[in-house]
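Listed here are the chains, written in short residue letters.
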Amino acid sequence: MLVSPIDRLTMQSDSGAAVPANHFVAWGVSPAMQALRRVATDTARTDIPVLLIGESGTGKEVLAMQIHQLSDRREEPFIKVRCRSLLQTRQSTQLENIVSGKSSNGAFRGTVFLDDICELDGAGQRHLLDLLSEGAGISEGHDTGARVISTSRRSLEEDLRGGKFAEELYYRLNGVCLRIVPLRERKGDVPELIDLFLAKYAGLFERPRPVISDEMIARLVHYSWPGNVRQLENAMKKIVATGDAETAMNDLVEISPEAPKASAIAGSSLKAVARAASRQAERELISRALTRTHWNRKKAAMELQISYKALLYKLKQLGLDDPEVS
């Protein structure tokens, strides 16, 4: 039996735990995530549509819930629409009633969460655009209508250029675009996330909090985490459930043999490990940008979304030199 693409959600995370008001702390303290927190908090107080871009597992739905919780609509419903199945299940009547204010209770004033708009084909895009055009609250941001938050696992600019995504729909949904950085590009956040998730599940399961060695923390920081924060959270949940960090981690992730040895970090604090990991991640990110731009520093700075002077400072700080020059 097909499942309706529309769910009325409570303020819960994927794990089922209630989302606290300060859930932003679960994303780490890296500059990228702190900047995201500030913009998201400011945006939450408006009715402007929000587009969240990020890989699977980065926390797009949690961010959408947080924006809803920080808004004036926090007492209203948060409704999730699975865009992939919007047309196939023929459940769009409910969404139409929501966005056009045809419900018996009058205009819907909650938040409509459009999950994975990148999955919509041409027919689905036209259908959604028609629905949004009918809903004055959504299309114009009036206080009498719904607020829309959308997500995509990938950037839509290429789809726009190729004519695969409707330009009108894109600009209707993209009032503010927030990009969530993947965990591999902010490795300095990993130790804090480890600490947070261990404490969370130790409390939920009413079990002692496991102790993870310095070597294991360094290996976890070094790991690329293709499943992002969701994968890390599930790993910590399994450690708490089994009470055996070493065995659980061997089952969960294939840790790179290039990870730092225990002797290299013995006695180091989590903050020291985080700083070292952050520097390494920053070095790798800048190196890749410079390689892609053939060491055109101005282009690399634009790609990295930092100033040209900031990039020059980072190159000097990290000891990165143009290989053709040296």
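See the structure shown above.
What counts and how
- Residues numbered from 1 in each chain as written.
- Predicted model: local features only at pLDDT ≥ 70, side-chain atom pairs only at ≥ 80, totals over all residues.
- Heavy atoms only, no water.
- Buried < 20%, exposed > 50% of the residue type's maximum accessible area, 1.4 Å probe, protein only.
- Helix = DSSP H or I, 4+ residues; strand = E, 2+ residues; numbered from the N terminus.
- Pairing = 2+ DSSP bridges.
- Core = buried A, V, L, I, M, F, W, Y, C linked by side-chain atoms within 4.5 Å.
- Contact = heavy atoms within 4.5 Å.
- Axes fitted to C-alpha atoms, helices over the stretch in contact; angles between N-to-C directions.
- Parallel < 35°, antiparallel > 145°, perpendicular 65-115°, else oblique.
- Arc of directions from axis to C-beta.
- Salt bridge = Lys/Arg side-chain N within 4 Å of Asp/Glu carboxyl O.
- Polar contact = N/O pair within 3.5 Å; in protein donor to acceptor, adjacent residues only side chain to side chain.
- Phe/Tyr/Trp six-rings, centres within 6.5 Å; stacked < 30°, edge-to-face > 60°.
- Lys NZ or Arg CZ within 6 Å of the ring centre and 35° of its normal.

Draft legend 1. Representation of the pairing of strand β3 (residues 78-82) in the model. Of all the five residues making up β3, four are buried; the element is thus mostly covered by neighbouring parts of the structure. Across five bridges, β3 lies against strand β4 (residues 111-115) in parallel orientation. Each bridged residue has a counterpart across the sheet, and for F78 the counterpart in β4 is T111.

Draft legend 2. Region of the structure containing unusual backbone geometry. Unusually for a residue other than glycine, D116 sits at a positive phi of about 60°. Judged by its relative accessible area of 14%, D116 is buried. Positive phi, normally seen in glycine, also occurs at W225, with a value near 50°. Mapped onto the elements of the fold, W225 is located in the loop between α9 (214-222) and α10 (228-242).

Draft legend 3. Main features of the nonpolar core. I194, I212, W225, L232 and M236 are the most contacted members of the largest nonpolar core, which totals 22 residues. Those elements that place two or more of their residues in this core are α8 (190-205), α9 and α10. With seven residues, α8 is the largest single contributor of residues to this core. Not counting the four nearest positions on each side in its chain, L232 is found in contact with L183, V190, L193, I194, F197 and W225. Within the second largest apolar cluster, 21 residues are counted, among which are I53, F108, I117 and L169.

Draft legend 4. A look at the packing of helix α14 (residues 297-304) against helix α15 (residues 308-318). At a closest axis distance of 9 Å, the pairing of α14 and α15 adopts a crossing angle of 100°. Classified by the angle their axes make, α14 and α15 are roughly perpendicular. Between α14 and α15, the residues in contact are R297, K298, A300, A301 and L304 and Y308, L311, L312 and L315, respectively.

Draft legend 5. Quick peek at the environment of R297. With respect to the helices and strands, R297 occurs in helix α14. Assessed through its relative accessible area of 26%, R297 is described here as partly exposed. A sequence separation of 11 residues divides R297 from I286, and the C-alpha atoms of the two residues are 10.0 Å apart.

Draft legend 6. Up close: α14. Along α14, the residues classified as buried are A300, A301 and L304. Buried residues along α14 cover an arc of 100° about the axis, so they all sit on one side. Within α14, the exposed residues directed more than 90 degrees away from the buried face are K298, K299 and M302.

Draft legend 7. A look at the pattern of salt bridges. Evaluated as defined, the whole model comprises 13 salt bridges. The partner of D42 in a salt bridge is R45, with the nearest N and O atoms 3.6 Å apart. Exposure remark for D42: the relative accessible area of 52% places this residue in the exposed category. As a salt-bridge pair, E119 and R153 come within 2.5 Å of each other at their nearest N and O atoms. Placement of E119 in the loop between β4 and α4 (122-134) and of R153 in the loop between β5 (147-152) and α6 (157-161) is noted, with a sequence separation of 34 residues between them. Judged by relative accessible area, E119 falls into the partly exposed class, the value being 28%. Accessibility expressed as a relative area gives 33% for R153, which makes it partly exposed. Members of the salt-bridge network, linked through shared partners, are E61, K80 and D115.

Draft legend 8. Up close: the side chain of Q125. Tracing the backbone through its elements, the reader meets Q125 in helix α4. For Q125, a relative accessible area of 4% translates into the label buried. At 3.0 Å, the side chain of Q125 and the backbone oxygen of K164 are in polar contact. Polar side-chain contacts of Q125 include one of 2.6 Å to the backbone nitrogen of A166. Beyond its immediate sequence surroundings of up to four residues, Q125 is in contact with L120, K164, F165, A166 and L169.

Draft legend 9. Quick peek at the packing of aromatic side chains. Within the structure shown, the criterion is met by four aromatic pairs. Relative to F205, the ring of Y201 has its centre 5.6 Å away and its plane inclined at 40°; by these criteria the two rings are tilted. Within this pair, Y201 and its partner F205 are both found in helix α8, separated by four residues, close to a single helical turn. On the accessibility criterion, F205 (33% relative accessible area) is partly exposed. Ring geometry for Y223 and W225: centres 4.8 Å apart, planes at 85°, overall edge-to-face. For Y223, a relative accessible area of 11% gives the class buried. Directly above the aromatic system of Y308 lies the positively charged group of K298, at a separation of 5.9 Å from the ring centroid.

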